Amino acid sequence: YHTAFSCPQKPSKPLQAKKRMNIVGKQTRRYTAFRNNVAYPALVERDSERCAMCGKTNIPLDVDHIKKRGSHPELKYELTNLQLLCRSCHNTKDNS
């Protein structure tokens, strides 16, 4: 009769890595829908698919908040607080 506790030589089962749960909340789904269906088309029409910082065109653009969502949550859905940035400008702005 062997158990993991009574026989120290018996190898125990390796711990399985926990699977990452991909649960998205209601607020995240709401903001994603706003960004994709409302903000991006409106910003493309307003800024004509041009990066607001470097002016590059014909590249993938990200929707960026001029004033951060964390410090200004009331401006989260305001189009006047949004701009289109290329990926490199967006990373530069976020890391500075």
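Residues numbered from 1 in each chain as written. Predicted model: local features only at pLDDT ≥ 70, side-chain atom pairs only at ≥ 80, totals over all residues. Heavy atoms only, no water.

1. As for the nonpolar core
Working step 1: Counting 13 residues, the largest nonpolar core has Cys51, Leu82 and Leu84 as the members making the most contacts within it.
Working step 2: Listed by contribution, the elements that provide at least two residues to this core are α1 (26–47), β1 (61–65) and β2 (82–86).
Working step 3: Per-element accounting of this core gives the leading share, 5 residues, to α1.
Working step 4: Cys51 has contacts with Lys56, Leu61, Leu84, Leu85, Cys86 and Cys89, leaving out every residue within four places of it along the chain. (Core = buried A, V, L, I, M, F, W, Y, C linked by side-chain atoms within 4.5 Å. Buried < 20%, exposed > 50% of the residue type's maximum accessible area, 1.4 Å probe, protein only. Helix = DSSP H or I, 4+ residues; strand = E, 2+ residues; numbered from the N terminus. Contact = heavy atoms within 4.5 Å.)

2. Side note on the pattern of salt bridges
Working step 1: Counted under the stated rule, the structure contains 4 salt bridges.
Working step 2: A salt bridge links Asp62 to Arg87; the shortest N-O distance between them is 2.8 Å. Here Asp62 is found in strand β1, whereas its partner Arg87 is found in helix α2 (residues 87–95), with 25 residues between them in sequence.
Working step 3: Judged by its relative accessible area of 14%, Asp62 is buried.
Working step 4: The salt bridge partner of Lys93 is Asp64, with a shortest N-O separation of 2.8 Å. Residue Lys93 is located in helix α2, and its partner Asp64 is located in strand β1; the two are separated by 29 residues in the primary sequence. (Salt bridge = Lys/Arg side-chain N within 4 Å of Asp/Glu carboxyl O.)

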